[in-house]
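# Chains, contacts and geometry: an overview
Here is what each chain is made of, one letter per residue.
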Amino acid sequence: METINEIKTKFSNTPPENLTKLIEEYHSDTRKGVQNILSSSQKKIEAFQKEQIRLENMLQFEKDCYQKGYTLVAGIDEVGRGPLAGPVVTAAVILPKNCKIEFINDSKKLSAKKREELYDVICQKAISYGIGIVSSEQIDKINILQATYEAMREAISKLSIPPQFILADAVHIPNITIPQKGIIGGDGKSISIAAASIIAKVTRDTMMKEFAELYPQYAFEKNKGYGSEEHIHAIKQYGLCAIHRKSFVKNIQTSENKAKGAKGEEIAVKEMEKAGYTILERNFRRASGEIDIIAQKENMLVFTEVKFRQTEKNGAPCEAVTKEKQKRITETAQYYIAENNISTQDIRFDVAEIMQKHAKLYFRYIENAFFLS
């Protein structure tokens, strides 16, 4: 008589679709261990049948295409429209006709481990797949929607066999001649789109892990560029790196810069008053620009630009006062001079630097930093 372990091994090595016959073979074995194996196997059969029904439902859009004569159907999906950093990545996947891949689903509903397992299976089974990548720099230039379309067109162009029809997740891709259909929630309804979502997700996650080695302070390996609390804090502390989408972090930076600017101006005012300056006006604004502090010392009228920095990786604070910035300041100063009928005073343009190092603030005042243009 077979041992229970031998029977267990036999059941473990049998595909779910063949378990029913095996259950019938051992149905009369009353040993508790065998009955437990039979009960467990029955659950496997039910789970397998349920999965087959789900996969059959996920093939409905593909089957509609097959009935219309389109046998090469590409699913396409994107990953990375919402992050603050990194590229947007798309994938286009052509699966064999009526192909079923167990457990395939919207990539967002799968664990990282399961996505990676399915990635290998999809790559092996696919007739062809292509990947499109558009950088954060390009996203800033043309906006995320246009960047997504560009990445989708690139993914399609990289397919080794041109598709006859395209199933896309929610969108209609402009500037392509291939027939297409956008499906809302398509990554959970179409097996081809689900396959594309997994390929795109694993590809982008791998890229973000590699970026994390270049820019470890942002923890890209964990947040994948999305706006987690930790990521936003890192942006505020370290500023932006090369893969940040400047158009996405504008509001974060603006808020943070305003807070730093106000703090820097308060420090500058106190230090200038200690040095004998009389503060005449703060944040003088005209169409040409803004002057942080206007002060007077003896017969000298002083226009001061305040710069606050938490790191010198981009240079000293005064280096942020570019030629263009100087031009705006001097033009704005001329408005102040004209409006106040000033003609006899000497004029000077200074920069007040505030640098934060190791939780300490350092102040430096630079006279005659630039001149009236």
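Notes on the structure in this doc start here.

Quick notes on the rules
- Residues numbered from 1 in each chain as written.
- Predicted model: local features only at pLDDT ≥ 70, side-chain atom pairs only at ≥ 80, totals over all residues.
- Heavy atoms only, no water.
- Helix = DSSP H or I, 4+ residues; strand = E, 2+ residues; numbered from the N terminus.
- Rg over C-alpha atoms; globule rule 2.2 N^0.38 Å.
- Buried < 20%, exposed > 50% of the residue type's maximum accessible area, 1.4 Å probe, protein only.
- Contact = heavy atoms within 4.5 Å.
- Areas by Shrake-Rupley, 256 points an atom, 1.4 Å probe, with all protein chains shown as cover.
- Lys, Arg positive; Asp, Glu negative; His and termini not counted.
- Charge placed at Lys NZ, Arg CZ, Asp CG, Glu CD.
- Salt bridge = Lys/Arg side-chain N within 4 Å of Asp/Glu carboxyl O.
- Polar contact = N/O pair within 3.5 Å; in protein donor to acceptor, adjacent residues only side chain to side chain.
- Pairing = 2+ DSSP bridges.
- Axes fitted to C-alpha atoms, helices over the stretch in contact; angles between N-to-C directions.
- 1 Å grid on protein atoms, 1.4 Å probe; cavity = no way out; pocket = protein on both sides within 12 Å on 5 of 7 lines; lining within 4 Å.
- Points joined across faces, edges and corners; volume = space filled by probe spheres on them.
- Nonpolar A, V, L, I, M, F, W, Y, C, P; charged D, E, K, R; others polar.
- Arc of directions from axis to C-beta.
- Core = buried A, V, L, I, M, F, W, Y, C linked by side-chain atoms within 4.5 Å.

What follows deals with the overall build of the protein. Within the protein, the secondary structure is distributed over twelve helices and ten strands. In summary, the protein has a C-alpha radius of gyration of 32 Å against a globular reference of 21 Å for 373 residues, an excess of more than 25%. A buried classification covers 45% of the 373 residues belonging to the protein. Here the contacts in the protein between residues at least 6 apart in sequence split such that 62% fall between residues at least 24 apart. For the protein, the accessible area works out to roughly 19700 Å², and carbon and sulfur atoms hold 50% of it. In the protein, the 54 positive side-chain charges and the 49 negative ones have mean positions that sit 2 Å from each other.

If charged atoms from side chains of opposite charge come close, those side chains can pair. The final tally for this structure, using the stated rule, is 24 salt bridges. We note a salt bridge from glutamate 2 to lysine 10, for which the minimum N-O separation is 3.1 Å. For lysine 10, a relative accessible area of 31% gives the class partly exposed. The salt bridge partner of glutamate 367 is arginine 348, with a shortest N-O separation of 3.7 Å. Of this pair, glutamate 367 sits in strand β10 (residues 360-370) while arginine 348 is found in strand β9 (residues 346-357), placing the two residues 19 residues apart along the sequence. Overall, glutamate 367 belongs to the partly exposed group, its relative accessible area being 44%. Salt bridges sharing partners connect three or more residues here, namely Glu56, Lys63 and Lys100.

Inspection of the secondary structure assignment puts glutamate 319 in the loop between β8 (300-309) and α12 (323-339). Residue classification places glutamate 319 among the exposed positions, given a relative accessible area of 52%. It is 9.9 Å that separates the C-alpha atoms of glutamate 319 and valine 351, two residues lying 32 residues apart in sequence.

Residue placement: asparagine 223 occurs in helix α9 (residues 220-223). Overall, the relative accessible area of 8% leaves asparagine 223 in the buried class. Within the local environment of asparagine 223, its side chain forms a polar contact with the backbone oxygen of tyrosine 218, the two atoms lying 2.7 Å apart. A distance of 2.7 Å separates the side chain of asparagine 223 from the backbone nitrogen of glycine 225, its partner in a polar contact.

In space, the five strands of this open sheet follow the order β3-β2-β1-β4-β5, with mixed pairing throughout. Among the strands making up the open sheet, the edge pair consists of β3 (128-134) and β5 (180-183). On average, adjacent strands in this sheet sit at an angle of 20 degrees to one another, irrespective of strand direction. Alignment of strand β2 (residues 88-94) against β3, held across seven bridges, turns out to be antiparallel. Each residue of the ladder has a partner; that of valine 89, found in β3, is isoleucine 133. Contacts from helix α4 (residues 60-67) reach β1 (73-79), β4 (165-169) and β5 within the one sheet, and its direction differs from that of β4 by about 160 degrees. In the packing of helix α8 (residues 191-214) onto the sheet, the strands contacted are β1, β2, β3, β4 and β5, and the crossing angle to β1 comes to about 40 degrees.

To continue, consider empty space enclosed by the protein. This structure, assessed with the given rule, holds one cavity of 30 Å³ or more. Empty space within the largest cavity amounts to approximately 40 Å³. Taken together, Leu59, Glu62, Tyr66, Val73, Leu95, Pro96, Cys99, Ile191 and Ser192 form the lining of the largest cavity. Considered class by class, the residues forming the lining of the largest cavity number seven nonpolar, one polar and one charged.

Next up on the list: α4. For α4, every residue scored as buried is listed here: Glu62, Cys65 and Tyr66. Seen along its axis, α4 keeps its buried residues to an arc of 100 degrees; they face one direction. On its buried face, α4 sits against β1, β4 and α8. Looking one or two residues beyond α4, the residue adopting positive phi is glycine 69, at roughly 95 degrees.

As a further point, take the sheet that holds strand β6 (residues 278-286). The strand order across the open sheet built from five strands is β6-β7-β8-β9-β10, with neighbouring strands paired in mixed fashion. Of all strands in the sheet, those with a lone pairing partner are β6 and β10, marking the two edges. Averaged over neighbouring strand pairs, the angle between their axes works out to 30 degrees when direction is ignored. As judged from the five bridges shared by strand β7 (residues 289-297) and β8, these two strands associate in the antiparallel manner. Paired with glutamine 296 across the two strands is leucine 301, which belongs to β8. Contacts from α12 reach β6, β7, β8, β9 and β10 within the one sheet, and its direction differs from that of β6 by about 110 degrees.

Moving on to the nonpolar core. When a protein is soluble and globular, its nonpolar side chains tend to lie buried together. Val93, Leu95, Ile104, Ile122, Ile198, Phe220 and Ile243 are the most contacted members of the largest nonpolar core, which has 40 residues in total. Of all the elements in the fold, those that place two or more residues in this core are β2, α5 (112-125), α8 and α10 (229-238). For this core, the element with the highest residue contribution is α8, accounting for twelve residues.

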